[in-house]
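Here's the letter readout for the chains.
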Amino acid sequence: MFSGTDRTALADAARRAAELLAQGARPESVMPARPVPAGRDAERLAVTAADPEGLAEGLSFFADGLPSPRWFSGRPDGAATRTAWCFGGHGSQWPGMGRALVDWAPAAARVLRELDALLPGGVIEPLMTMADGAAGGPEATQPLIFAVQVATAHWLWSLGLRPAAVVGHSLGEVAAAHVAGALSLAEAARVVAVRSGLLARAAGGGAMATVGLDRHTAERRCARTPGTVVVAAHTAPRETVVTGESEATRALVDTLEAEGVRCRMIRINAASHSPFVDGVLPELRAALADVAPTAPHTPWISTVDAEPEPGGLATADYWARNLRQPVRFTQAVSALAGRGVRAFVEIGPHPVLIRPIRDTLRAEGVGEPLVVASGHRATPEPVSLLRLLGALYCRGLELPEPFGGGRDVLRPAPEPTVGRG
């Protein structure tokens, strides 16, 4: 971590540190002994790397004005002091996700061990052995995504970080419910197990795709496509998820791509948020009838209901509507922007919401937002998580000492009470 009175001073400090590292200095020895006091620094720099060579490269790139994922800089304008934690849905999985959390982050490892006993099939062994494409259908993949999301959130809690609000996209609403305090870990795990299992049963040739159209245009194009294809998610002002029969969804995508519309198929053979799941909704309501959520201690912005914080959150009926109704994600981000939130952290294995969040904030006229993710495909969790903390620091979050790497990166803080149990 470096700070300076202006960018020129910061670049000079980074260049000196890179030269010392090239001469064999230890990484901790090149850190400034006396950072510019908070309130007087106009620019901050955070560089994250797995080894001294990578650290030297990141410092050199910043000093020379070259872009690199190793460094993040910004003005400590206070944007990071109120963050929204965002949890994505299907599609963020990748082989190797979550493995480093078991050994590197004790708070996350404890949650993964608890979930290993709570979720059918466990989570630790599947995370350790997952190969590309081997996770299978939603009943296998979605519990693992959920596990990485909540384990990461508990790690952030252990560092003393707290969100100003939470929001989830489809599956991600279950993690949001737990982090908000509406559901205990055991209850959230049960919701995920029931939801993903029934979704797998309803799969039957469904498909999903992202299309670069606003939701109203997407609805009209779906209606004109032979077969069953509907809007599944309002992701961004000009990005919509469509779903339905595989042939109908593929035909719509082919037509739109021929017109120059950006489209992307989603790696799932189910059609959630469509009539395909109608048959399993009564069973879902029955299986979760005894779920008794508590009042959230953190604002949970719904992506199911038009009212941002409606009553009846996390009930059995809510989870049925979560699986069936279109996801109102861009509306939820707009609501948060209206409350003055300028920092958004996507928590999960790999970002699937970063671009929709940025597009929504741009449409809302939010200047210089902070939009960052906790995980990145094929990047070790220690690197991506420390990069996240560095980004928050650069935009004004004051992190306690010591700040470095390994298990004791920060002094742990008590986790908030989360639901019952």
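Per an unreviewed UniProt entry, the protein chain is named Acyl transferase domain-containing protein, and its organism is Streptomyces demainii.

The next thing to look at is the confidence of the model for the protein chain. On average, residues of the protein chain carry a pLDDT of 90, and 91% of them reach 70 or more. Low pLDDT, under 50, characterises residues 402-413; the predicted model gives this stretch 31 contacts beyond four residues in sequence or across chains.

Checked against the element boundaries, Tyr-393 lands in helix α15 (residues 381-394). Tyr-393 sits in the buried class, given a relative accessible area of 10%. Residues Tyr-393 and Gly-78 lie 315 residues apart in sequence; the distance between their C-alpha atoms is 9.4 Å. Those residues within four positions of Tyr-393 in sequence are excluded, and the remaining contacts are Met-1, Phe-2, Ser-3, Arg-44, Leu-45 and Leu-399.

The next point concerns the pattern of salt bridges. A complete count under the given rule lists 24 salt bridges for this structure. With a shortest N-O distance of 3.7 Å, Glu-257 and Arg-250 are connected by a salt bridge. Here Arg-362 ties to Asp-359 by a salt bridge, and the two come within 2.9 Å at their closest N and O atoms. Here Arg-362 pairs with Asp-359, and both are found in helix α14 (residues 354-363), just three residues apart, close to one helical turn. Residue Arg-362 is classed as exposed on the basis of its relative accessible area, which comes to 59%. The partly exposed category is assigned to Asp-359, whose relative accessible area is 23%. One continuous salt-bridge network, built from bridges that share partners, spans Arg-285, Asp-305, Asp-317 and Arg-321.

The subject of this paragraph is the sheet that holds strand β1 (residues 2-4). Two orientations exist for strands paired in a sheet by backbone hydrogen bonds: parallel and antiparallel. Spatial ordering of the open sheet is given by β1-β2-β3, a layout of three strands whose pairing is antiparallel. Every other strand in the sheet has two partners, leaving β1 and β3 (71-74) as the edge strands with one partner each. Across this sheet, the average inter-strand angle for adjacent strands is 15°, counted without regard to direction. Bridge analysis of strand β2 (residues 43-47) against β3 gives four bridges, and the strand direction is antiparallel. Note that in β3 the partner of Arg-44 across the bridge is Gly-74. Across the face of the sheet, α15 comes into contact with β1, β2 and β3 while running at roughly 175° to β2.

What counts, and at which threshold
Residues numbered from 1 in each chain as written. Predicted model: local features only at pLDDT ≥ 70, side-chain atom pairs only at ≥ 80, totals over all residues. Heavy atoms only, no water. pLDDT = per-residue confidence, 0-100. Contact = heavy atoms within 4.5 Å. Helix = DSSP H or I, 4+ residues; strand = E, 2+ residues; numbered from the N terminus. Buried < 20%, exposed > 50% of the residue type's maximum accessible area, 1.4 Å probe, protein only. Salt bridge = Lys/Arg side-chain N within 4 Å of Asp/Glu carboxyl O. Pairing = 2+ DSSP bridges. Axes fitted to C-alpha atoms, helices over the stretch in contact; angles between N-to-C directions.

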